[in-house]
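# Structural description and commentary
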Amino acid sequence: MVCSVSICAGEIFELKAELNSDKKEKKKEAVKKVIASMTVGKDVSALFPDVVNCMQTDNLELKKLVYLYLMNYAKSQPDMAIMAVNTFVKDCEDANPLIRALAVRTMGCIRVDKITEYLCEPLRKCLKDEDPYVRKTAAVCVAKLHDINAQLVEDQGFLDTLKDLISDSNPMVVANAVAALSEIAESHPNSNLLDLNPQSINKLLTALNECTEWGQIFILDCLANYTPRDDRESQSICERVTPRLSHANSAVVLSAVKVLMKFMEMLPKDLDYYSTLLKKLAPPLVTLLSAEPELQYVALRNINLIVQKRPEILKHEMKVFFVKYNDPIYVKLEKLDIMIRLASQANIAQVLAELKEYATEVDVDFVRKAVRAIGRCAIKVEQSAERCVSTLLDLIQTKVNYVVQEAIVVIKDIFRKYPNKYESVIATLCENLDSLDEPEARAAMIWIVGEYAERIDNADELLESFLEGFHDESTQVQLQLLTAIVKLFLKKPTETQELVQQVLSLATQDSDNPDLRDRGYIYWRLLSTDPVAAKEVVLAEKPLISEETDLIEPTLLEELICHIGTLASVYHKPPSAFVEGSRGVMHKRLPARTGSGESTESPDVGTAAGGSAPEAAPSIIPSQGDLLGDLLNLDMAPPTTSGPPPPTTGMQMGGMDLLGGGLDSLVGISHSVDPYAATPGQLVNPFWVKWSLRSDGVLCLQVWLPAMKAKGLEISGTFARRAGVIQMELILTNKAMSVMTDFAIQFNRNSFGLAPAGPLQVLTPLGPNQTIEVSLPLSTVGPVMKMDPLNNLQVAVKNNIDVFYFSCQYPISMLFVEDGKMERQVFLATWKDIPNDNESQFQIKDCHLNSDAASSKLQGSNIFTIAKRTVEGQDMLYMSIKLSNGIWVLAELRVPSRLSMCFRIMFLFIIQAFTVFFPQPR
């Protein structure tokens, strides 16, 4: 920020006199003095009219200086700036193309609304100017004008003119037109301004070879947003982009790599060109590492992403990532990370020798990372585990404190990965017990002693030595010590009873830490009530740790690959995470590989495009391929699709019961009937949910997501249907110690297309121990996929802490629509046509309603009585129901008329439910 410095009146007077001089050279020197004063922060706005008068000159240098002054002061002097408009308009028609371009560029930089309307006509002429330099300048000016007044640009038709410039004969004009359209499209992600097709792509590729390096970057970034029709077109584009890999500008190289990485997704892996392309990508990436350290770091961050996606590109280039003695620490650490990602059985000996050398460096942080890298190699390459352990033992023998501690931490992970294989080294580890002073190392050593207590003769003495300073230890060490002593007690109960009582007392009675206290009470109660259960819980077999724990989540990795060469690839975060005002930005994805059976469209379009929904029902925990991918779009607006619901071919229910559980299960009342106990000839109710009603008729809340599974966020909820709209009633409770913000919700595809009709309205931060009630309206026009059971709903909720998943089941009555009353004649004709296979019978116990009361109660849930008759002392009700997806259900309800006797004895309602698949009757 430039501070404003006052300028004396005498100096102003002198400058005024010089600016109004008749001598051109004196006038130019005066303007230079004004610009110099302006540059150092002096306020020379008082000279505005005098400087503007200097615009009337043929001297290009003087004109540039005056325009520079205008750009700086026009915003603070808008009324005075109007004086310059006529000169701008005149200069836009000057014979000199440089002056024409200068005039239109300056007008675009003056962000004053009063001047904007005068800019339109000169800009229109400059966009069609005969000189390409003027046209390319005018193209950028359109983007600037759009930022000031978007509506004006659209009304004046400048966007269409910009699109025409993509076909310009001059490559620089094409590049600037692409840059301008891309910038405008970023602020309007749904505008589809860059309507790319094979013809326009061919023009861009032709211009690519002839324009400047920054023009090439604009065009390559535009190409990266295009999705080829097939693998043949993808290969053709790759062949024409590949020469850019040898460019001297690293930004051009990274932009070319981005295009190739995206289009490679569509190439079959068995294609010869695919392997050729992999070989061509390696040399330019290696060359980037010969630049200065700052550029090396940017290149390494991008290479880190590329290696996670396609390690085969650089698998033979391990040596270029070896650390040099004069590399800055940030470059060293990044190279180290890439070395681990490229480590394999073929090069592990080379890598380990290098890492062992790094562990003797003087930089402590780098040494720690190197020791941890050895442990990661052991976990990643199983064949090298023994060699890695041997290397770590050699490092422990050096007795360097921080090396020993890091080695113990990684050996603990190796024990987790390869149980009962390398425990012979425990004795060596125990020798260094006294030198451990870092919490993580102490906790790791305690875990090892507790886990292998039966193999360590003096395990109780070792753990007791830690117990002496229990209250001075960090929470991490206290928790690990508590668990380790309980493990020891379960393995050697007779020898360690006093020790376990001591640690439980310290954890529960003398500690203020709630985590430690809670764990202590749990162990105490387990040991005192059921030691066998305690043994099963505490000494349960542990899952093996994964090979790579720091890999970027696949969906995020795909998005970051689409942003190679930008800040997103350096931060390893999507643009929406650090760019202000980016909530509407569309998230980019890599295209699906040809022949993989995947659509190149959004994953949610699958069934709507005509294909049936997948037959396999998803698991409760969503996979990364479906729900997690959608969660990255949580900040986008909810679907506003209108029209008919998606086809239901993938979820037709055949003879499945839609009325199982009887009358009151339809309206949400739970009775003692067991839904899972079906008598012979009956079907189990697939929609059974044990709901109960409050006094106001709303379904009672159920806890869907306990706080212990969601880092302190508890979600309770229920469903209601009001005025034809399904409502998801949520109660969010913050049981954590931190504030929760930025809530969003997403549904997985489900049987009836339920989706949020709007964002989750949590307008204020949710503080600790606070509760908020939210009503979320739902639509039924979302993507469809058969679930098991059919009314299962998989939900993800995101906040500033994490993304949490849960599943719930909604009462089928929520889907009964208000226009479900069928005409009597249509009902009769349909009833006769229903095949016997579509019939199901169910019984309900303890329902004390007569036929009129039952009919009235059911109508409240959109189950309509079409006709009633009495046969052999029983009332027969004939009913119709229509679901939100257009499926009809016809039902017959038999109610004994001798109701007074039924109050005293068990009696049965018998429902015959017929599910009919046909269009809405006319």
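Residues numbered from 1 in each chain as written. Predicted model: local features only at pLDDT ≥ 70, side-chain atom pairs only at ≥ 80, totals over all residues. Heavy atoms only, no water.

## A closer look at the overall build of the protein chain
Definition in use: Counting from the N terminus, the helices are DSSP H or I runs at least four residues long and the strands are E runs at least two residues long. The cut-offs for exposure are 20% and 50% of the maximum accessible area for each residue type, with area from a 1.4 Å probe on protein chains only; residues under the lower value are buried, those over the upper are exposed, and the others partly exposed. Any pair of residues with heavy atoms lying within 4.5 Å of one another is described as a contacting pair. Here the Shrake-Rupley method, with its probe set to 1.4 Å, supplies the accessible areas, and only the displayed protein chains count as covering residues.
When helices and strands are counted, the protein chain shows 37 helices and 13 strands. Per-residue burial over the protein chain gives 51% buried out of 922 residues. Within the protein chain, counting contacts between residues at least 6 apart in sequence, those at least 24 apart form 68% of the total. Carbon and sulfur atoms make up 50% of the accessible area of the protein chain, which amounts to about 43500 Å² in all.

## Looking at the pairing of strand S11 (residues 874-882)
Filter applied, for reference: What makes two strands pair is DSSP finding at least two bridges between them.
By the criterion of burial, S11 is predominantly enclosed, with eight of the nine residues buried. Where strand S10 (residues 864-871) meets S11, seven bridges bridge the pair, whose relative direction is antiparallel. Residue pairing for S11: Thr-870 is matched across the bridge by Asp-875. Counted between consecutive antiparallel strands, the loop separating S10 from S11 contains two residues, among which Glu-872 sits at a positive phi close to 50°.

## Quick notes on the side chain of Thr-483
Rules: By the criterion applied in these results, polar contacts are pairs of N or O atoms within 3.5 Å in which, for protein atoms, one can donate a hydrogen and the other can accept it, and in which residues neighboring in sequence qualify only through two side-chain atoms.
Among the secondary structure elements, Thr-483 is positioned in helix H27 (residues 475-491). Among the residues examined, Thr-483 registers a relative accessible area of 10% and is labelled buried. Only 3.1 Å separates the side chain of Thr-483 from the side chain of Tyr-523, close enough to count as a polar contact. Setting aside anything within four residues of it in sequence, one finds Thr-483 in contact with Arg-519 and Tyr-523.

## Examining the sheet that holds strand S4 (residues 744-747)
Here is the rule: Convention adopted: a line fitted to C-alpha atoms gives each axis, helices being fitted over their contacting stretch, and angles between N-to-C directions are expressed from 0 to 180 degrees.
In spatial order, the strands read S4-S7-S8; together these three strands make up an open sheet with antiparallel pairing. Looking at which strands have only one partner, the edges of the open sheet turn out to be S4 and strand S8 (803-809). For this sheet, the mean inter-axis angle between neighbouring strands, taken without regard to orientation, is 25°. For strand S7 (residues 792-798) and S8, the ladder comprises seven bridges, and the chain directions are antiparallel. What sits directly across from Val-795, in S8, is Phe-806.

## As for a negative patch on the surface
Using the following cut-off: Residues forming no salt bridge and having over 30% relative accessible area are the ones grouped into patches, like charges within 9 Å of each other and nonpolar side chains (Val, Leu, Ile, Met, Phe, Trp, Tyr) within 5 Å. Salt bridges are defined as contacts in which a side-chain nitrogen from Lys or Arg sits within 4 Å of a carboxyl oxygen from Asp or Glu. Charge counting treats Lys and Arg as positive and Asp and Glu as negative, with His and both chain ends excluded. We put the charge of a Lys on NZ, of an Arg on CZ, of an Asp on CG and of a Glu on CD.
Negative charge collects at one region of the surface, where Glu-461, Glu-464, Glu-468 and Glu-498 lie side by side. On the secondary structure map, Glu-461 appears in helix H26 (residues 459-467). Overall, Glu-461 belongs to the exposed group, its relative accessible area being 52%.

## Quick look at the packing of aromatic side chains
Rules: Paired rings are identified among Phe, Tyr and Trp, the last through its six-membered ring, by centres lying within 6.5 Å, and are further divided according to the angle between planes into stacked (under 30 degrees), edge-to-face (over 60) and tilted (the rest). Only Lys NZ and Arg CZ are tested; either one counts as a charge over a ring when it is within 6 Å of the ring centre and within 35 degrees of the ring normal.
Across all of its chains, the model carries ten aromatic pairs by this definition. Their ring planes at 75° and their centres at 5.4 Å tell us that Phe-415 and Tyr-452 sit as a pair that is edge-to-face. Of this pair, Phe-415 sits in helix H23 (residues 401-417) while Tyr-452 sits in the loop between helix H25 (439-451) and H26; the two residues are 37 residues apart in sequence, bridging distant segments of the chain. The residues Phe-415 and Tyr-452 share a single accessibility class, namely buried. Where Trp-447 meets Tyr-452, the ring centres are 6.3 Å apart and the plane angle is 85°; that geometry is what we call edge-to-face. Look at Tyr-452 and you get buried, because its relative accessible area is 5%. Aromatic rings pair up to connect Trp-704, Phe-719, Phe-806 and Tyr-810 into one cluster. The aromatic ring of Phe-366 is capped on one face by Lys-332, whose charged end is 5.3 Å from the ring centroid.

## What about helix H7 (residues 97-109)?
Heads up, the rule is: Under the convention used throughout, the expected extent of a helix is 1.5 Å for every residue step, that is, one less than its residue count.
If you check H7, its first and last C-alpha atoms are 18 Å apart, about what 13 residues at 1.5 Å a residue would give, namely 18 Å. Of all the positions in H7, only Ile-99, Arg-100, Ala-101, Leu-102, Ala-103, Val-104, Thr-106, Met-107 and Gly-108 are classed as buried. Structurally, H7 contributes buried residues whose contacts are with helix H4 (60-73), helix H6 (85-91), helix H8 (113-127) and helix H9 (132-148). N-cap assignment for H7: the residue whose side-chain oxygen lies 2.9 Å from the backbone N of Leu-98 is Asn-96.

## What about the pairing of strand S6 (residues 771-779)?
Sheet topology places strand S3 (residues 725-734) next to S6; eight bridges connect them, and they run antiparallel. If you follow Thr-733 over to S6, its bridge partner there is Thr-771. Of the pairings in the sheet, the one linking strand S5 (residues 755-756) to S6 comprises two bridges and is antiparallel in character. Bridge pairing in S6 links Pro-756 to Leu-778.

## A look at the environment of Leu-288
Within the fold, Leu-288 resides in helix H17 (residues 272-288). Since its relative accessible area comes to 11%, Leu-288 is described here as buried. Through-space distance from the C-alpha of Leu-288 to that of Ile-303 is 10.0 Å; in sequence the pair is 15 residues apart. Excluding anything up to four places from it in sequence, Leu-288 contacts Ser-250, Val-253, Leu-254, Gln-296 and Ala-299.

## Some thoughts on the nonpolar core
Basically, it comes down to this: What is meant by a nonpolar core is a set of buried Ala, Val, Leu, Ile, Met, Phe, Trp, Tyr and Cys residues, joined one to another through side-chain atoms within 4.5 Å.
Of all hydrophobic cores here, the largest spans 210 residues; its most connected members are Tyr-69, Leu-123, Leu-204, Val-241, Leu-355 and Phe-415. The element that contributes the greatest number of residues to this core is H27, accounting for ten residues. When sequence neighbours within four positions are dropped, the list of residues in contact with Val-241 reads Leu-205, Leu-208, Leu-220, Leu-223, Ala-256, Val-259 and Leu-260.

## A few points about the sheet that holds strand S1 (residues 702-705)
A sheet is described by the order of its strands in space; here five strands give the open sequence S1-S2-S3-S6-S5, paired in antiparallel fashion. The open sheet is flanked by S1 and S5, the only strands paired with a single partner.

## Some details on the pattern of salt bridges
Pairing between side chains of opposite charge can happen when their charged atoms approach one another. All told, the structure shown has 33 salt bridges when counted by the stated rule. In this structure, Arg-124 and Glu-121 form a salt bridge, with 3.0 Å as the shortest nitrogen-oxygen distance. Here the residue Arg-124 and the residue Glu-121 both occupy positions in helix H8, the gap between them amounting to three residues, near one helical turn. The class of Arg-124 is partly exposed, set by a relative accessible area of 24%. Glu-451 is the salt-bridge partner of Lys-487, the closest N and O atoms lying 2.7 Å from each other. With Lys-487 in helix H27 and Glu-451 in helix H25, this residue pair connects regions lying 36 residues apart in the sequence. Assigned by exposure class, Lys-487 and Glu-451 land together as buried.

## Things to note about unusual backbone geometry
That bond from Asp-788 to Pro-789 is cis: its omega, 0°, falls within 30 degrees of zero. Within the secondary structure, Pro-789 sits in the loop between S6 and S7. At Lys-399, a position not held by glycine, the phi torsion is positive, near 65°. Within the secondary structure, Lys-399 is located in the loop between helix H22 (385-396) and H23. When its relative accessible area of 49% is taken as the criterion, Lys-399 is described as partly exposed. For Asn-862, which is not glycine, the phi dihedral falls at a positive 65°.

## Considerations on the packing of H27 against helix H29 (residues 514-529)
We apply this condition: Note on terminology: angles under 35 degrees are roughly parallel, angles over 145 are roughly antiparallel, angles of 65 to 115 are roughly perpendicular, and the others are oblique. In this count, Pro and Cys sit with the nonpolar residues alongside Ala, Val, Leu, Ile, Met, Phe, Trp and Tyr, while Asp, Glu, Lys and Arg are called charged and the others, Gly among them, polar.
Where H27 meets H29, the axes come as close as 10 Å, and the angle between the chain directions of the two elements is 10°. On the basis of the axis angle, H27 is roughly parallel to H29. Packed against H27, whose contacting residues are Gln-478, Leu-479, Leu-482, Thr-483, Val-486, Phe-489 and Leu-490, the element H29 presents Asp-515, Leu-516, Arg-519, Gly-520, Tyr-523 and Leu-527 at the interface. A class-by-class count of the residues in the contact of H27 with H29 yields eight nonpolar, three polar and two charged.

## Side note on the packing of H23 against H25
The condition is simple: Each crossing gets its hand from how the near helix is turned against the far one by less than a right angle, where anticlockwise is left-handed and clockwise is right-handed.
The N-to-C vectors of H23 and H25 enclose an angle of 40°; their axes lie 8 Å apart at closest approach. The orientation of H23 with respect to H25, classified from their angle, is oblique. Between H23 and H25 lies a crossing of left-handed hand. Contacts from Gln-405, Ile-408, Val-409, Lys-412, Phe-415 and Arg-416 of H23 reach H25 at Glu-440, Ala-441, Ala-444, Met-445, Trp-447 and Ile-448. When the residues that make up the contact of H23 with H25 are grouped by side-chain class, the tally is eight nonpolar, one polar and three charged.

Note that all results are geometric; they support no functional claim without further evidence.
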